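# Remarks on the overall topology
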Amino acid sequence: MLLATLDQARAYDHLLIAPHLDDAALSCGGLIARLVDAGARVLVVTLCAGDPPPEAALSPFARYLHRAWDLGAQPMQRRRAEDARALAILGCDGLQLELLDAPYRCARYGEGDGWRGTIDPDDPLPAASRALLEQLYAHQPPAMFYVPLGVGNHVDHQIVCAAGLALHERGAPVVWYEDLPYAAKQPAALEQRLAALRPARFEPELIDISATLPRKLAAIAAYASQQRELFGAAEMRVVMTGYAAALAGGRGYAERLWRRNRVQ
């Protein structure tokens, strides 16, 4: 079920905070299905799911994405529909917010590789994401929050990671998920990100998703418009299954979470 408003996001056991449509399924789809199977109430909150203003000129990167997605005149509307199908496969609820994706939001993110660089000081997303997490925490303080670690350095992932750190400082239960497929496709990216986050330190936790991997793969496949951009010429199932098997060390399939170590 998709929620209509933020105020409806109450009484959930687990909140997956996703910068973009597809991030939760890619990084935590197996965990989500496992939690749902155990009877937990799970909500995926996607921040940057809004439509760019119709009068706004698209940045070069946004124009490239629209061509790659090939979704017609209202691409975000169709991407939200893909997301609804994916979350239905996983069995969780969803909330799609109207904040803008990086190449729609700031000019520097729409040029070259600006979307995975330094956060623009005028970017409104840091304040908005912190306020959002604070509001969700006020609605259901016992809930576990899951936020991206920021592997791959996408500015939106970095921003939501920082919002999670701020919420964790307040005593909220927060864990960080490993951003996929970045971690799978860029072997050095995970260590680079962990180094960039110091002095904060994180300890890994493997989650067995052997029983729920098929649903995760089906959910990722529901984002049909994103397959080429995410995986290029590679086969999605090969990339995702191979990484999950490598994490599990030959004993099934796993996803990896990261818990902040308070002993610095």
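Here is a short report on the structure shown in this document. Note that the structure is a prediction, hence the values are computed from the model and not measured.

## Side note on the overall build of the protein
Counting its regular elements, the protein contains eleven helices and seven strands. In terms of overall size, the protein behaves like a compact globule, its C-alpha atoms giving a radius of gyration of 17 Å where 264 residues would be expected to give roughly 18 Å. Each of the three principal axes of the protein carries a C-alpha extent, and together these read 50 × 40 × 35 Å. By the burial criterion, 56% of the 264 residues in the protein qualify as buried. Contacts in the protein between residues at least 24 apart in sequence constitute 81% of all its contacts with a sequence separation of at least 6. Accessible surface, the protein as shown: approximately 11,500 Å² in total, 53% of it carbon and sulfur.

## Let's talk about helix H1 (residues 23-37)
End to end, H1 covers 20 Å across 15 residues, agreeing with the expected 21 Å (1.5 Å per residue, within 8%). For H1, the principal kink sits at glycine 29 and spans about 80 degrees. Just downstream of H1 lies glycine 39, where phi reads positive at about 95 degrees.

## Quick look at the pairing of strand E2 (residues 42-46)
With five of five residues buried, E2 lies mostly within the body of the structure. Relative to E2, strand E1 (residues 14-18) runs parallel, the two sharing five bridges. Of the residues in E2, the one forming a bridge with isoleucine 17 is valine 45. Taken together, the four bridges between E2 and strand E3 (residues 93-96) define a ladder with parallel strand orientation.

## Examining the sheet that holds E1
Pairing in this open sheet of seven strands is mixed, and the strands run E3-E2-E1-E4-E5-E7-E6 from one edge to the other. The open sheet terminates on both sides in strands that have one partner only, identified here as E3 and strand E6 (201-208). When strand polarity is set aside, the average angle formed by the axes of neighbouring strands in this sheet is 25 degrees. With eight bridges joining them, E6 and strand E7 (residues 254-261) adopt antiparallel strand pairing. Across the sheet, glutamate 203 pairs through a bridge with arginine 259, a residue of E7. Against the sheet, helix H3 (residues 75-90) contacts E2 and E3, and its axis sits at roughly 160 degrees relative to E3.

Cut-off values and rules
- Residues numbered from 1 in each chain as written.
- Predicted model: local features only at pLDDT ≥ 70, side-chain atom pairs only at ≥ 80, totals over all residues.
- Heavy atoms only, no water.
- Helix = DSSP H or I, 4+ residues; strand = E, 2+ residues; numbered from the N terminus.
- Rg over C-alpha atoms; globule rule 2.2 N^0.38 Å.
- Buried < 20%, exposed > 50% of the residue type's maximum accessible area, 1.4 Å probe, protein only.
- Contact = heavy atoms within 4.5 Å.
- Areas by Shrake-Rupley, 256 points an atom, 1.4 Å probe, with all protein chains shown as cover.
- Expected span 1.5 Å × (residues − 1).
- Bend = angle between axes of the 7 residues up to and from the residue.
- Pairing = 2+ DSSP bridges.
- Axes fitted to C-alpha atoms, helices over the stretch in contact; angles between N-to-C directions.

Geometry only, nothing functional implied.
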